[in-house]
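# Results of the structural survey
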Amino acid sequence: MTADISTPENAPSAARYSRHAKLALIGPAGQAKIEKSSILLIGCGSLGCAQAAFLARAGVGRLTLADRDTVQAPNMATQLLYDERDLRDQAPKAEAAARHLRAINSGIAIEPVVADITAANIEPLVNKADLVLDATDNFETRFLLNDAAVKAGKPWIYGGVLGTDGMVMAVSPGQGPCLRCLFDLPAPEDRLPPPDVFGVLATAAAWVAALQTTQALKALAGGKADWGRMHTLDIWNGSVTTAEVPRDPACPCCGRREFRFLKP
Ligand SMILES: [Zn+2]
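On a predicted model such as this, the values are computed, not experimentally measured, just so you know. Per chain, residues are indexed from 1 in the order of the written sequence. Given that the model is predicted, a residue must reach a pLDDT of at least 70 before its local features are reported, and side-chain atom pairs must reach 80 or more before they are shown or counted; all residues, however, enter totals for whole chains, interfaces and linings. Side-chain numbers come from the whole structure's heavy atoms, not from hydrogens or water.

## Looking at the coordination of the zinc ion
Our working definition: Any N, O or S atom lying within 2.8 Å of the metal counts as a donor, and for Na, K and Ca the limit rises to 3.2 Å; water is left out, so some sites can look incomplete. Geometry is assigned from donor-metal-donor angles: four donors are tetrahedral when every angle falls between 85 and 135 degrees, four are square planar and six octahedral when opposite donors sit over 155 degrees apart with all other angles between 65 and 115, and any other arrangement is irregular.
At 2.3 Å from the zinc ion lie its protein donor atoms, namely C178 (SG), C181 (SG), C251 (SG) and C254 (SG). Viewed at the metal, the 4 donor atoms of the zinc ion are separated by angles of 95 to 125°, and the geometry they form is tetrahedral.

## Digging into the pattern of salt bridges
A side chain with one charge may pair with a side chain of the opposite charge, provided their charged atoms come close. Filter applied, for reference: Just to be clear on terms, a salt bridge is a Lys or Arg side-chain nitrogen sitting within 4 Å of an Asp or Glu carboxyl oxygen.
By the definition in use, this model includes 10 salt bridges. Linking D226 and K218 is a salt bridge whose minimum nitrogen-to-oxygen distance equals 2.9 Å. Ionic pairing is found between E258 and R256, a salt bridge with its closest N-O pair at 2.8 Å. Beyond isolated ion pairs, a larger network of salt bridges with shared partners links R62, E111 and K128.

## Topic: the pairing of strand β6 (residues 165-171)
Put simply, the rule is: Relative accessibility under 20% of the residue-type maximum defines a buried residue, over 50% an exposed one, and the middle range a partly exposed one, all with a 1.4 Å probe and only protein chains included. Comment: elements are numbered from the N terminus, with helices defined as DSSP H or I runs of at least four residues and strands as E runs of at least two. For two strands to be treated as a pair, DSSP must find no fewer than two bridges joining them.
For β6, a buried count of 5 out of 7 residues is recorded, marking the element as mostly surrounded by other parts of the structure. As paired elements, strand β5 (residues 156-162) and β6 share 7 bridges and run antiparallel to each other. Looking at β6, one finds that G160 is bridged to M167. What sits between the antiparallel neighbours β5 and β6 is a turn of 2 residues, in which G163 has the positive phi angle 65°.

Rendered as structure tokens:
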């Protein structure tokens, strides 16, 4: 029996991605670039789940998903990809996310990496990506990512959420500030209340993820995002403020290129 090759799920990409391709801001040429792109997501929590779903549906050619954790009960309120089977199995988040994303779009490459991201493994992951999305929940990993991305000359999109607030800034080495131009050193972990203490509103995470993903799509389709503009959101009040972040010529990362977080 011959397989039917004209099933709805393997329709030509022109049909599948027509909503984006018809946007004047993306267009068919921008969509083609998105389909050839490779994105690394560091973290498969509340931010990473939403980013990955948007990017898989947008047709990004390759998604690499890195997370060391397993699905736990408190994740279910804010991490949109997981179901109760994942919770019952305490599935590794990167593998569970990859399985759900393959069911959303079987035409793209999805690679789960079940690992803690450290100085020992981040550089090959960043080097093979066109762009990196920050979906971490701690500043140590963000500064590690900042060092690896600046060293490799790769753009990355900072995003953080806590409570009902969030922040987003697109970083492109050489075209604006990096994270260390803004924060000289990572805030000690004990000064940042973790989500299980302070709480996170799922819609705030989805909003931050939507803004980060938009910056990524702008960069991939048009080569340009809002480099160095810090967007600060409060979804409870519906407010967004934007501030230009200056580049620090004496920045130890993008200025002096010391990359201390990459050193073991
Ligand atoms: Zn810098």
